[in-house]
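As a plain string of letters, each chain reads:
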Amino acid sequence: MLRITTCNSRWPRIRTIRLSVTSISCPYPMCRTSRPVCIFHCRLWAHLLMTYIFTIWTCKMLYMEYKAVANMRLHFLATKKRSPDQFTILVRQVPPDPKRSVFTTVEDFFKSNTPDYLLAQIACIQIVYDANRLGKTLDKISRMENWLNYYQNKFDRHPLKRPIKKKGFLGLWGEEVDAINYYKTEIERMKIEAGKEQDEVMSDPKSIMPSAFVSFKSRWSAAVCAQTHQTRNPNKWITEWAPEVRDVYWPSLAIPYLSLTMRNVGMGVALFFLIFFFMIPVLAVQSLANLDGIVKKFTFIKPLVEMPAVKSFLQGFMAGLALRIFVALLPMILMFMSRFEGHLSRSALDRRAATKLYYFMVVNVFFGSVITGSLIEQLWAIINSPSIANILKNLGYLIPMKATFFITFIMVDGWAGVSMEIVRVYALVIYHLKNMFLVKTEKDRDEAMAPGNLLLNENIPRLELYFLLGIVYSVTTPIILPFIMVFFAFGYLAYRNQVINVYDPDYDSGAAFWPHVHGRIIVAMIIEQLTLIGLFTIKGPVGFAQTDVRNKSLSAATFMKEMLSSTPFLVALPIGTMIFHVYCKKRFRAAFQFYPMVEANEKDRQEEKDTPDLDLQKYLDKSYLHPVLKEEQEVQGRFRTVKTLRRRSKDLEEVESGSDDEGGRHLGLEGDLPAAHLEELEAVPYTPPYDSQISKSSELLLDPSHRHPHLKSDGSSSKLYYDSLPTSSSSRSSNQRE
């Protein structure tokens, strides 16, 4: 039964109308009469109403955005240009067979377990090799080439003085040698070593991994094999879509599949200790960075440090320097942990590193700023008394009190961060530092000036943190919302310009990040709702009973009973949010995991009409060969070509001194070469092996359209036709001198 009554409020002269339930007395001490609960004292009903409004509006926007992103992803896949990843799957955990190779095992498996119409669609099978050691050798050769170019350019500027290098560590000590001759010799030696390693990789059974890239002649066939289980044992013959060629992280393919679970568990434990005990190494470094300790070790700076201005500056600067260094190193540490877990693609590495960084920022930035005292002490207190009431009461009491701090944080970190992104001050400083200390050649300068990618593993967790702040404080402190809106408005304009005009993408994952972003927003909504439950429990009833806020150690059952009685309508929000998340996951997640068979078939038919003469087998051949093996083949072919041209140039000099017919027979030719071509060969300068700066005349000779018919390759390999012809003793001796 409802009735309207009046009672004296806090102010004696103001009389307020109360709408209440007659069976319950008003619990507020400021009511001087034992009247029923009144609307005036239940001001939190407005917060409850706004919580429902914000939750429903957020869920609606998330649903619409999830639907739009899923449709855009399917449209992107349907209109994407032809690429090898659309036709290729990755087969892992191929069972070992001592009598057969991995290639033969994969081929026989598909022959015996696939229908004829699907078997005829197989274009090629490419085995996965463990070429990580060969890659390190080629990287070392590339660095030596760079140093050789640097010293060669230095010698060209000062031809009267040969550059000298010390053979010790970093060139600081050791025997002094001629730098140009030293690097030429080292490059020759490393080339021979790289050739041996390549032969070992291609022939050693230990370097052949139990995995293979299988390419099909149609997208439909690849979708059938990639999206189905091949055997009853889930740990054998595992098939999945192959990543984009430039998205493949090749070192992870050499990790045994069965060790991936242990790696993930180990990195999960390491991440827990990194998140909750992050301040321990920071405090240790800060203690070492104390001015007193520095003065004791370096006594000569004591007069300078004792100056008041210098001392105050150093004390304020050194206090935060260690923390800033650790925060700067944190993304690299998390990326190393993600690589250790063994993910196959760079996009998966970025997603895992972004997830780790988001957890770190939520615990150390959000909760670390909210919880008073040491985070470790709070964690220890929760472990000692794991009461749900205490946790929610702390959230409801502490989070609203830090709203002012986070408003300042948004202005300092968010607004200033967007401005720094536009002017790229950090990139400018790094470029000048590299240009001052590391740049030696034009290649180094180009690498220093490269804009790089967007660094999604760092920027996305930062944006998700601002989503968290906006959602959590949307009801308790809505004044924070304009600051959030300004940040996202300017951030949209800034990052849109950077993505279109500045950054170079390393891969295109097709909005694969969105499901993770959706999950982070759901987590933010649940944190907001739990905070409001704790706040309502502390402030008073919003329902039909009062919670005893003075009891600090309620049991779980008692707290749930009190919570249901004090906030009966708010408890439904977390449950409804989780139901909404599960629905969206079942409704749209398939678009991010599978390729629709109908669209794959339609795209195959359309491509068959547009390009009926396309040879897919040739297009897909060696598309997923390890890039290190491709690079080694290209380097060896280029070295053989330049070396042969140089040898022919010296032999042609001997032709000029003797008879043309004899010289032609001596070179294996039937007649003279044209005079213009002789001039081109004579113009070939002496360039060191593996020299990346080939002269224009050499490039002209390497072009088949400008090459003499006798100098053209036979078409079967990158080896010149001349390599199969006999050479004179003089040419062999000149070759040995080189």
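Residues numbered from 1 in each chain as written. Predicted model: local features only at pLDDT ≥ 70, side-chain atom pairs only at ≥ 80, totals over all residues. Heavy atoms only, no water.

- Under an unreviewed UniProt entry, the name given to the protein chain is Calcium permeable stress-gated cation channel 1, and the source organism is Marchantia polymorpha.

## Here's the deal with the overall build of the protein chain
Argument step 1. Secondary structure assignment for the protein chain yields 29 helices and eight strands.
Argument step 2. Considering only contacts in the protein chain between residues 6 or more positions apart, those separated by 24 or more positions represent 75%. (Helix = DSSP H or I, 4+ residues; strand = E, 2+ residues; numbered from the N terminus. Contact = heavy atoms within 4.5 Å.)

## Quick look at empty space enclosed by the protein
Over the atoms rolls a probe the size of a water molecule, and its path tells where empty space is left.
Argument step 1. A complete count under the given rule lists two cavities of 30 Å³ or more for this structure.
Argument step 2. Considered as a void within the structure, the second largest cavity measures approximately 50 Å³ in volume.
Argument step 3. Looking at the second largest cavity, the residues that line it are R351, A354, T355, I460, E464, F513, H516 and R520.
Argument step 4. Sorting the residues of the lining of the second largest cavity by element identifies α12 (346-370), α18 (456-476) and α20 (514-539) as the ones contributing at least two each.
Argument step 5. The element best represented in the lining of the second largest cavity is α12, accounting for three residues.
Argument step 6. Partitioned by chemical class, the residues of the lining of the second largest cavity number three nonpolar, two polar and three charged. (1 Å grid on protein atoms, 1.4 Å probe; cavity = no way out; pocket = protein on both sides within 12 Å on 5 of 7 lines; lining within 4 Å. Points joined across faces, edges and corners; volume = space filled by probe spheres on them. Nonpolar A, V, L, I, M, F, W, Y, C, P; charged D, E, K, R; others polar.)

## A word on the packing of aromatic side chains
How two aromatic rings sit relative to each other is set out by the distance from centre to centre and by the angle between their planes.
Argument step 1. Within this structure, the stated rule accounts for 29 aromatic pairs.
Argument step 2. On the basis of an interplanar angle of 20° and a centroid distance of 6.3 Å, the ring pair of Y63 and Y583 is categorised as stacked. Residue Y63 is found in helix α1 (residues 44-79), and its partner Y583 is found in helix α22 (residues 572-588); the two are separated by 520 residues along the sequence.
Argument step 3. Taking relative accessible area as the criterion, Y63 reaches 26% and is therefore assigned partly exposed.
Argument step 4. Exposure remark for Y583: the relative accessible area of 44% places this residue in the partly exposed category.
Argument step 5. Ring geometry for Y66 and F588: centres 5.2 Å apart, planes at 20°, overall stacked. Taken together, the residues span a long stretch of sequence, with Y66 in helix α1 and F588 in helix α22 at a distance of 522 residues. (Phe/Tyr/Trp six-rings, centres within 6.5 Å; stacked < 30°, edge-to-face > 60°. Buried < 20%, exposed > 50% of the residue type's maximum accessible area, 1.4 Å probe, protein only.)

## Brief notes about the pattern of salt bridges
Argument step 1. As enumerated under the stated definition, the model contains 18 salt bridges in all.
Argument step 2. The salt bridge partner of R189 is E193, with a shortest N-O separation of 3.7 Å. One end of the pair, R189, and the other, E193, are both in helix α5 (residues 179-203), four residues apart, so they sit about a helical turn from each other.
Argument step 3. A relative accessible area of 40% means that R189 is categorised as partly exposed.
Argument step 4. With a relative accessible area of 30%, E193 lands in the partly exposed category.
Argument step 5. Note that D413 and R462 form a salt bridge whose closest N and O atoms lie 3.6 Å from each other. Placement of the pair is D413 in helix α15 (residues 403-423) and R462 in helix α18, with a sequence separation of 49 residues. (Salt bridge = Lys/Arg side-chain N within 4 Å of Asp/Glu carboxyl O.)

## A closer look at helix α2 (residues 102-113)
Argument step 1. In a regular helix each residue adds 1.5 Å, so 12 residues correspond to 16 Å; α2 covers 16 Å between its end C-alpha atoms and thus fits that length.
Argument step 2. Summarising the contacts, the buried residues of α2 are in contact with β3 (88-92), α3 (116-119), β4 (122-129), β7 (208-216) and α6 (219-226). (Expected span 1.5 Å × (residues − 1).)

## Section: the sheet that holds β7
Argument step 1. Strands sit in the order β4-β7-β3-β8 across an open sheet of four strands; the sheet is antiparallel. Sheet topology places β4 and β8 (238-241) at the edges, where each strand pairs with a single neighbour. Ignoring which end each strand starts from, the neighbouring axes of this sheet average 25° apart.
Argument step 2. Sheet analysis places β4 next to β7, joined by six bridges and oriented antiparallel. The partner of C124 across the bridge, within β7, is S215.
Argument step 3. Across the sheet, α2 touches β3, β4 and β7, and the angle it forms with β7 is around 45°. (Pairing = 2+ DSSP bridges. Axes fitted to C-alpha atoms, helices over the stretch in contact; angles between N-to-C directions.)

## What to know about the layout of surface pockets
Argument step 1. Computed from the structure, the second largest pocket encloses a volume of approximately 1600 Å³.
Argument step 2. Contributing to the lining of the second largest pocket are 48 residues, with E240, W241, R351, F592 and Q593 lying nearest its centre.
Argument step 3. If one sorts the elements of the lining of the second largest pocket by residue count, α12 sits on top with five residues.
Argument step 4. Here the lining of the second largest pocket is built from residues that sort into 17 nonpolar, 18 polar and 13 charged.
Argument step 5. Viewed by domain, the lining of the second largest pocket spans two of them, domain 1 (84-252) and domain 3 (345-542), each represented by three or more residues. (Domains from an automatic or database assignment.)

## A look at the environment of I422
Argument step 1. Following the sequence through the fold, I422 ends up in helix α15.
Argument step 2. Sequence separation of I422 and Q498 is 76 residues, and the distance between their C-alpha atoms is 7.7 Å.

## Some remarks on unusual backbone geometry
Argument step 1. Phi at Q93 is positive, roughly 60°, even though this residue is not glycine.
Argument step 2. On the secondary structure map, Q93 appears in the loop between β3 and α2.
Argument step 3. Unlike most non-glycine residues, R424 shows phi in positive territory, near 55°.
Argument step 4. Structurally, the position occupied by R424 is in the loop between α15 and α16 (425-437).
Argument step 5. Here R424 falls in the partly exposed class, since its relative accessible area comes to 22%.

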